[in-house]
Amino acid sequence: MLAFKIGVRFLTHGRTQSILILVGIAIAISIQIFVGLLIDSLQRTIVDRTIGNSPHITISSSTDVSTIRRWQQIAYEVEHTRQVKAFSPSATGNAFVEKENRDLPVLVRGFPFSSVDRIYNIRNAIYDGKEYSSRQEVLVGRELREELELDVGDKIVLSLPRGGKVTLTISGFYDLGVSSINKAWIFTYLDTAQDIFEFGDRVTSIEMTIEDIFQADTVASQLEQNLNNDEVVIENWKDQNQELLSGLEGQRISSAIIQIVIIASVVIAIASVLAISVLQKSPEIGILKAMGINDFNASLIFLYEGFLLGLVGSLAGLVLGVSLLYAFVFFTTSPDGTTLIDLYLDYGFIVRSWLIALTASTVAGVIPARKSLKLNPIDVIREG
Amino acid sequence: MRGIIELTQVNKVYHGAVDSQVLFDINLSFEAGTCNAIIGVSGSGKTTLLNIMGTLDFPNRGDVLIDGKLVNNMTKNQLACLRNETIGFVFQFHHLLPEFTALENVLMPHLINRWRPSQEVLKRADELFDMLEITEVKHSLATKMSGGQQQRTAIARALINNPKIILTDEPTGNLDSETTDKICQGFREINRRYGTTFIVVTHNHLVAEHTDRIIEMRDGRIISDTKSDV
């Protein structure tokens, strides 16, 4: 208790010195928090904008017939798998749309609307018309609409590869932000697609999204194990986006290096300031030892100082770092008002960073504490 | 009768480029409740002797008994505990902690092994402030006091744990004669009131004259040991 009180008093008495080191710690930690959160937000934004509105894991047939038997059993397993946020069976097949003696290839994708919406967020992507509500209705993408000059309520004629034609009504138009999808995909009911392509009760894939997209490979292999089904193949976005992942990994490593360097500089700064403090305070420490304070309690003074500097400095740095991030996001908006990056506050990272800074600051106090252990009262008293 | 401090065949050598022996076979005993002075010129070994009696320094040879306990083989923590409970120090430089008030400085030895001061100790602190005539600076920071007030605060600090022994090294070295006289009278008053044993190392014969016994040292040896009629 006395050591704590003395540590506090040493810090509050040498106010200018303490404020300077606190500002130093706060700035360093704020940069560490800012860089860490910024890189994290940037990564999540890239991933979100690249694969956010698409399935994270897809189960498809590995057999020649390209459809999955007894898919309900697989769907049941998927539904009961941890981490799975949304899933949907899909019946997908190729078709053509005629335009001025030209056949445009399209992909007819049949989904129950409610579940496809949870994967592709399609309800928000509909910019004209409405969702399909009968088995004869479809949703068409923006680019295909422009190509074919279509309107809500128009009929669209699909030519099927096996021969024959199907006419469907357009209930609305969507824009998923990806031109290749907008140009090729036609959404309709699962039953409609199954009928058109004569799949019967079968589906061509089961698609799903999961809570933590970076766990896609783990969840996929867990599913593979649970299903133990040779007739299906399970793919996840990570396997399909290796280049993106290696880019993100590079970012993550550089961010980690920056953070380590910052923490190291905080430790060195605190340790050097406290080491000077031991020299400055050696008469007082000497007399305390002469009065009967033991070496351990004398050294605790400097550990407490390191801890307190770390506590206050890192908390201030934390607030400053998060504020910097908000300011960055606020000031880097595109002309259309959308932000350059989406803000993600990883509270786990913030708490971890704070604990690391606090531990590092306390550890920084060990060097001066060891120095004070060696302080002999007789030397101090002799020198006056 | 066994003394409160007993030194037997104490020798001290400082090792360096050239070894230098500063104490030669010192045999001394101090009775409890007495007021003693050790005088001598610079380099006579009196401060080294005081530091050895205070367990701040150690003899190369010889035994040191404090309050009946042989200190030679004690651990650092045991010695710290012994100093805290049995010995009070007053040095030429007061070494008060400038971050603390006079009262906080005085209570510091008491708080080394306790959470908070007892009412009894606070009362004792008040008594010491009264006796040493420094009540008016009780709540002042050490840096806001005069040299004499700082030194008297250091004396109050040395006395707060009611130690059996007070060791002082040139306690009036930096003070004027009037303040020196006040401090010497303070020592005598404490000695009378609490039966505290005083050992005062000094150059100043006027200070030594306030004591019961004067030990004179030269070149690491005791050359005279006389009792006065104070």
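Fair warning: this is a prediction, and the values are worked out from it, not measured in the lab.

Digging into the sheet that holds strand E1 (residues 5-14) of chain B
Residue and element names in this part refer to chain B.
So, point 1. A sheet is described by the order of its strands in space; here four strands give the open sequence E2-E1-E4-E5, paired in antiparallel fashion. The two strands at the open ends of the sheet, each matched to only one other strand, are strand E2 (20-30) and strand E5 (69-70).
So, point 2. Looking at chain direction, strand E4 (residues 61-66) and E5 are connected through two bridges and run antiparallel. Bridging from a neighbouring strand, Ile-66 pairs with Lys-69 of E5.

Let's talk about the domain arrangement of chain A
So, point 1. In terms of domain boundaries, chain A breaks down into domain 1 (2-50 + 244-383) and domain 2 (57-237).
So, point 2. With centres defined by C-alpha atoms, the gap from domain 1 of chain A to domain 2 of chain A works out at 52 Å.

Re unusual backbone geometry
Peptide bonds are, in most cases, trans, and in most cases residues other than glycine have a negative phi.
Residues and elements named next belong to chain B.
So, point 1. Not every positive phi belongs to a glycine, and Thr-55 is a case in point at roughly 60°.
So, point 2. Relative to the elements of secondary structure, Thr-55 occurs in the loop between helix H1 (46-53) and E4.
So, point 3. On the basis of neighbour count, Thr-55 is assigned to the buried category, with 23 C-beta atoms found within 10 Å.
So, point 4. In this model, Asn-162 sits at a positive phi of 50°, which is unusual for a non-glycine residue.

Quick word on the interface of chain A and chain B
So, point 1. At the junction of the two partners, chain A supplies 18 residues and chain B supplies 22 residues.
So, point 2. Secondary-structure elements contributing two or more residues to the side of chain A that touches chain B are helix H1 (2-13), helix H12 (282-291) and helix H16 (377-383) of chain A.
So, point 3. In terms of residue count, the dominant contributor to the side of chain A that touches chain B is H12 of chain A (five residues).
So, point 4. Of the residues contributing to the side of chain A that touches chain B, the split by class is 11 nonpolar, four polar and three charged.

A few points about the sheet that holds strand E6 (residues 87-90) of chain B
Residue and element names in this part refer to chain B.
So, point 1. With mixed pairing, the six strands of this open sheet are ordered in space as E6-E7-E8-E3-E9-E10. Only two strands of the sheet have a single partner each, and these edge strands are E6 and strand E10 (221-227). Adjacent strand axes in the sheet meet at a mean angle of 15° when their direction is disregarded.
So, point 2. Of the strand pairs in this sheet, strand E7 (residues 165-169) and strand E8 (residues 197-202) are connected by five bridges, and their pairing is parallel. Residue pairing for E8: Ile-165 is matched across the bridge by Thr-197.
So, point 3. The strands touched by H1 within the sheet are strand E3 (35-40), E7, E8 and strand E9 (213-218), with E8 carrying the most contacts at an inclination of about 150°.

Some words on the nonpolar core
So, point 1. Core analysis: the biggest nonpolar cluster contains 107 residues, and Val-266 and Ile-270 of chain A together with Ile-38 and Ala-156 of chain B have the highest contact counts within it.
So, point 2. Ranked by residues supplied to this core, first place goes to helix H13 (residues 295-331) of chain A with 11 residues.
So, point 3. Sequence-distant contacts of Ala-156 of chain B, defined by excluding residues within four places in its chain, comprise Val-106, Ala-125, Leu-128, Phe-129 and Leu-132 of chain B.
So, point 4. By size, the runner-up hydrophobic cluster in this structure holds 48 residues, among which are Val-78, Leu-158, Phe-197 and Trp-237 of chain A.

Criteria and cut-off values
- Residues numbered from 1 in each chain as written.
- Chains lettered and ligands numbered in written order.
- Predicted model: local features only at pLDDT ≥ 70, side-chain atom pairs only at ≥ 80, totals over all residues.
- Pairing = 2+ DSSP bridges.
- Helix = DSSP H or I, 4+ residues; strand = E, 2+ residues; numbered from the N terminus.
- Domains from an automatic or database assignment.
- Buried ≥ 20, exposed ≤ 12 C-beta atoms within 10 Å, placed from the backbone.
- Contact = placed C-beta atoms within 7 Å.
- Nonpolar A, V, L, I, M, F, W, Y, C, P; charged D, E, K, R; others polar.
- Axes fitted to C-alpha atoms, helices over the stretch in contact; angles between N-to-C directions.
- Core = buried A, V, L, I, M, F, W, Y, C linked by C-beta atoms within 7 Å.

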